[in-house]
Amino acid sequence: MSREAYKRDENGVSFASGNLLPRPLREALKGYKFPHVRELVVGAYGHNFLRRCTGIRSITLEYRFHPHEESFRLLPAITAVGQGIEELQGFYFDGHNLKKLLTKTPNLCVLKYITLGRFQNVGF
């Protein structure tokens, strides 16, 4: 990986930028399934792991930069395994993506989402 591929955040911590991180993770997880995982705390590039957790019930997003971008990146993986999801925490979705999420997660009981820097609790 070239030096240009790395960036530093405000605390001086290095991280891989762009699509450099998901490819090795996707290749490492190829062919594996984790149906026994019920709860998952996931970051922005966790969609490769999340897609393989077919028995997932609870997902918490630990965002590092901007919750909207990281939530949007995880949306396809959440909707792919959405049938069993009962709880989502730490996400931020606009109206269109929230509607898409709610139609793909019929068993969703608890949604704790971020709006204007606060957590909002929504019970169904």
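Note that the coordinates shown come from a computational prediction; the quantities given were computed from them, not determined experimentally.

I keep staring at the packing of aromatic side chains and nothing clicks. Help me out?
To describe a pair of aromatic rings, one takes the distance between the centres and the angle between the planes. Evaluation of the coordinates by the stated rule reveals 3 aromatic pairs. Between Phe34 and Phe49, the aromatic rings sit 5.0 Å apart at their centres with planes inclined by 35°, giving tilted as the arrangement. Placement of Phe34 in the loop between α1 (22–29) and β3 (39–42) and of Phe49 in helix α2 (residues 47–50) is noted, with a sequence separation of 15 residues between them. For the ring pair Phe91 and Phe93, a centre distance of 5.7 Å and an interplane angle of 10° mean the geometry is stacked.

Looking at this structure, how should I read the pairing of strand β4 (residues 58–61)?
Side-chain positions along a regular strand alternate between the two faces of the sheet. Across the two faces of β4 the burial is the same, with Ser58 and Thr60 and Ile59 and Leu61 all buried. In this structure, β3 lies alongside β4, joined through 4 bridges in parallel fashion. Paired with Leu40 across the bridge in β4 is Ile59.

Explain the environment of Glu87 here, please?
Among the secondary structure elements, Glu87 is positioned in strand β5 (residues 87–91). Residues Glu87 and Lys112, 25 residues apart in the sequence, show an inter-C-alpha distance of 8.1 Å. In this view, Glu87 contacts Arg57, Ser58, Ile59, Leu108 and Val110; residues no more than four positions away in its chain are not counted.

Looking at this model, I keep getting lost on the nonpolar core. Mind explaining?
The nonpolar side chains of a soluble globular protein tend to be buried with one another. Core analysis: the biggest nonpolar cluster contains 22 residues, and Leu50, Ile56, Ile59, Ile78, Ile85, Leu88 and Phe91 have the highest contact counts within it. Of all elements in the fold, only β3, β4, α3 (67–80) and β5 reach the threshold of two or more residues within this core.

Explain the side chain of His47 to me, please; I cannot follow it from the model alone.
The residue His47 is located in helix α2 in this model. Those residues in contact with His47 that lie beyond four places of it in its chain are Arg73, Leu74 and Ala77.

Is there a simple way to think about the pattern of salt bridges in this case?
Pairing is possible between side chains that carry opposite charge, provided their charged atoms lie close to one another. Tallying each qualifying case throughout the model produces 1 salt bridge. Across the pair Glu27 and Lys30 runs a salt bridge, and its minimum N-O distance is 3.7 Å.

What's the story with empty space enclosed by the protein in this structure? I'm lost.
Applying the stated rule across the entire model yields 1 cavity of 30 Å³ or more. If you add up the space inside the largest cavity, you get close to 30 Å³. Lining the largest cavity are Phe93, Leu98, Leu111 and Tyr113. In the lining of the largest cavity, the residues fall into 4 nonpolar, no polar and no charged.

About the thresholds
- Residues numbered from 1 in each chain as written.
- Predicted model: local features only at pLDDT ≥ 70, side-chain atom pairs only at ≥ 80, totals over all residues.
- Heavy atoms only, no water.
- Phe/Tyr/Trp six-rings, centres within 6.5 Å; stacked < 30°, edge-to-face > 60°.
- Helix = DSSP H or I, 4+ residues; strand = E, 2+ residues; numbered from the N terminus.
- Buried < 20%, exposed > 50% of the residue type's maximum accessible area, 1.4 Å probe, protein only.
- Pairing = 2+ DSSP bridges.
- Contact = heavy atoms within 4.5 Å.
- Core = buried A, V, L, I, M, F, W, Y, C linked by side-chain atoms within 4.5 Å.
- Salt bridge = Lys/Arg side-chain N within 4 Å of Asp/Glu carboxyl O.
- 1 Å grid on protein atoms, 1.4 Å probe; cavity = no way out; pocket = protein on both sides within 12 Å on 5 of 7 lines; lining within 4 Å.
- Points joined across faces, edges and corners; volume = space filled by probe spheres on them.
- Nonpolar A, V, L, I, M, F, W, Y, C, P; charged D, E, K, R; others polar.

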